[in-house]
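Structural description and commentary
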Amino acid sequence: MSKVNSSDSLARAISLLEIKREEELHDLKSQFQITYESLKPMNVLKNTWKEITESPSIKTGISGTAVGIASGYIAKNILFGFTKNPIKKLAGIAIQALVTNLAANNSGNIIQSARQLINLVSSKISHSKKDFSESEIND
C-alpha cells in the first residue's frame, strides 16, 4: 500500500511541478516580450523624453541653464559688442562665463523677478487701455 501512495504522491508532485514550470515559462515569455518592447529604439526615446519632461529637477536645471546662457550672452554684447580686438574678446568671454555662472546659480530669483516685471508691465498696459477707452467715452 505504501508503494501505491508513494507513486501517487510522486505523480502528483510531478504534475504540480509541470504546472509550475508552464506558469513560469509563461511569465518568462511575457517578461521577455515586455523587455523586447521597452528596448526598441523608438520606445527608449519616448520613455526618455517622458522622464525629461516630467522631472521637475530637470526642468529647473534646463531653465536655469537657459537663463544663465542668455544673461551671459546679453552681458557680453552690452559691454563689449562685436569687436575684433582680441583682448576685448577674451574679456568678453570671461564676463560671459562669469555672468552665465552667476545667473544659472540664481536662476530662481531671476525668473521670479522677470515674472513680477511682466505682471507689472501687463497690468500697466491693461490699466492704460482702460484709461484710454474711458477717455474716448468721456470725449
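The rules behind these values
- Residues numbered from 1 in each chain as written.
- Predicted model: local features only at pLDDT ≥ 70, side-chain atom pairs only at ≥ 80, totals over all residues.
- Heavy atoms only, no water.
- Helix = DSSP H or I, 4+ residues; strand = E, 2+ residues; numbered from the N terminus.
- Buried < 20%, exposed > 50% of the residue type's maximum accessible area, 1.4 Å probe, protein only.
- Contact = heavy atoms within 4.5 Å.
- Areas by Shrake-Rupley, 256 points an atom, 1.4 Å probe, with all protein chains shown as cover.
- Expected span 1.5 Å × (residues − 1).
- Arc of directions from axis to C-beta.
- Polar contact = N/O pair within 3.5 Å; in protein donor to acceptor, adjacent residues only side chain to side chain.

When its secondary structure is counted, the chain shows five helices and zero strands. Ordered by position in the sequence, the α and β elements of the chain form the string α-α-α-α-α. The buried share of the chain, reckoned over its 139 residues, is 9%. Contacts in the chain between residues far apart in sequence, at least 24 positions, make up 52% of those at least 6 positions apart. Just so you have it, the chain exposes about 11800 Å², and 65% of that area is on carbon and sulfur atoms.

A few words now on helix α4 (residues 86-105). The terminal C-alpha atoms of α4 lie 29 Å apart, and with 20 residues this matches the ideal 28 Å at 1.5 Å per residue to within 8%. Taken together, the buried positions of α4 are G92, T100 and A103. Summarising the axial view, the buried residues of α4 lie within an arc of 75°, below the 170-degree limit, and thus occupy one face. Among the exposed residues of α4, those pointing more than 90 degrees away from its buried face are I87, L90 and N105. One side-chain oxygen at the N-terminal end of α4 lies 3.0 Å from the backbone nitrogen of I87; it belongs to N85.

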